[in-house]
Every structure is written in structure tokens, then in C-alpha cells.
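Architecture at a glance
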Amino acid sequence: MKDDGLTEAVQEAGAVELLLIRHGESEGNVAATDARMAGAEVIAVPARDADVNLSGTGQEQAKALGAELARIAEEFRPDAVVSSPYARAFQTAEIAVEAAGWPVKVQLDERLRDRELGILDRLTRLGVEKRYPEEAERREWLGKMYYRPPGGESWADVALRLRSVLDELNNLGSGHRVMLVCHDALIMLFRYVLEGMTEKELLDLAASTSVLNASITRFVRPAGEGPWTLESFNVADHLTEHGVTVTEHAGDSSVHPQ
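Residues numbered from 1 in each chain as written. Predicted model: local features only at pLDDT ≥ 70, side-chain atom pairs only at ≥ 80, totals over all residues. Heavy atoms only, no water.

In the nomenclature of an unreviewed UniProt entry, the protein chain is known as phosphoglycerate mutase (2,3-diphosphoglycerate-dependent) of Pseudarthrobacter oxydans. Its UniProt record, at the heading Sequence similarities (unreviewed entry), says of the protein chain: "Belongs to the phosphoglycerate mutase family. BPG-dependent PGAM subfamily." (UniProt positions renumbered as here; feature names shortened; annotations may be inferred.)

What helix α9 (residues 199-208) keeps buried is the set L202, L203, L205 and A206. The buried residues of α9 occupy an angular sector of 155 degrees when projected down its axis, which confines them to one face. Looking at α9, the residues exposed on the side facing more than 90 degrees away from the buried face are K200 and S208. Looking at the buried side of α9, the elements it contacts are α7 (155-169), α8 (184-195) and β6 (229-235). (Buried < 20%, exposed > 50% of the residue type's maximum accessible area, 1.4 Å probe, protein only. Helix = DSSP H or I, 4+ residues; strand = E, 2+ residues; numbered from the N terminus. Arc of directions from axis to C-beta. Contact = heavy atoms within 4.5 Å.)

Take the packing of aromatic side chains next. This model, assessed by the stated rule, comprises 0 aromatic pairs. Here R191 stacks its cationic end above the ring of F233, 4.5 Å away from the centre of that ring. (Phe/Tyr/Trp six-rings, centres within 6.5 Å; stacked < 30°, edge-to-face > 60°. Lys NZ or Arg CZ within 6 Å of the ring centre and 35° of its normal.)

Within this numbering scheme, the UniProt entry marks R22, H23, G24, E25, S26, E27, G28, N29 and R88 as carrying the feature "binding site: substrate" (unreviewed entry). Position of R22 among the secondary structure elements: in strand β1 (residues 17-22). The exposure class assigned to R22 is buried, which follows from its relative accessible area of 2%. Secondary-structure assignment places R88 in helix α4 (residues 87-100).

Laid out in C-alpha cells, this is it:
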């Protein structure tokens, strides 16, 4: 590790700009929020996590995102658009790219998928406490960074995936701009990796900030090498501008080890 917390791979010459996009509101987001508000133990999602589609609002958010991307001058547009293979992310990328009028094919990368929850999949916080009390206690003790549910992933596991993605982006050659369409936890973890955050800094951010649906986060490094600079984070003004509802659908805010 470098003294500033960045890996060797991130320090190498390569991409000069990263646009990180959270997918638009999904049917799963709506179901999870409804379940929490109703005090339910199980989230009534319509499909497995990978196949959950955008809601109607999510589709409108993706179109508004595309209208914002269309404003980027041609010479500053991303050379590549890479998406999580999960339906809600891929749909967001496809709709946005089409609305922007960009002649680019959306690529898929399974390393950009959402965090896997294993046996806790589809359960609310209450559901975990009722059905797996020992896991609820272990999650509280370890915190979100290092808690790995049986069959699932910790945030540290996801960070390893993202370091691999960044390694490849750095081998593209200098001057490239890349847009990645993924999930809220991944955008937090991209910040963790690119900014060399500590666990506490990451979890403080996660506890206080929700990554908005269809929001834009931008990192730059004009020289194509060295540390990245966070230019903007969690921007969703384009949704308001186009009269589209801004939605949060935050995860569990209890992220620190207890």
C-alpha cells in the first residue's frame, strides 16, 4: 500500500475521468422501503436480485440522466460505458445512453454487481433479528465493513472486486474517460478505494449520506496518473430540473461496529 492508502494499480497511468452512476429507482427499492415501513420481515421483491427491473420512476430518472449526459461535449464523453449486469443497472445505462444520443455499446462486468447478502437476502432488519438473531448480533459486533453473512459478502469483499476493475481501467492507456453504472454500496466503496479512506471514514459517510438513485459522482486526474480527485459526489440536480422525483432508498444506517 502507498502511504496515502491507494494501491499501486490506482497510481499507474491510465484513465483520466470516472463517472459513477447509481441505477434509477428499482422495483426492489420500492418493495424494501414498503416492507420497512410496514414492519414486515420479508421484502416482497418480484424476482431474484439480479432480475429486478426499474420502477416507472426509475425509468424516468434514467431518461433525465441521459438528458444531462447529452450536455457533455463530444470530446469529453466517456470512451466506454460499463454496467453491473443486474437488470436495474443495465436498464439505467441503456436508457441513459440512448437518451444522450451516444454511439457507444454498454458493456457488462459482473464485478460491478451489488453486494451479495447470502442467507439474509430479501430480509428486512427486523427479519434478520427475528429469524437469525445470532447473525444480527454478529453483524452489530463486526460492522458493515467486515461482516460477511453466510453465502454473502462483506464490504471488504466488494472492495477487492473494485480494485480489480480499477487495475484494468489503468491499463487502458492514458486519456480514457469511463462511465460505470452500478449500486449505492459500490459508489461508497469506490470512494473508499480511490480516496484511501479508513474504515471509520467510510462508515461515517455511509451512516450520514444516502447515494441517490440516478445520481452522478465524478472523479478526475487530468494527468492520467497519481491519485484521483473527487470532483463531485451524489449529484441529482438533473432529476429536479426535468421534473423527476428524487429518491433515496438508503440501506441500513447501522453500519459501525458496536
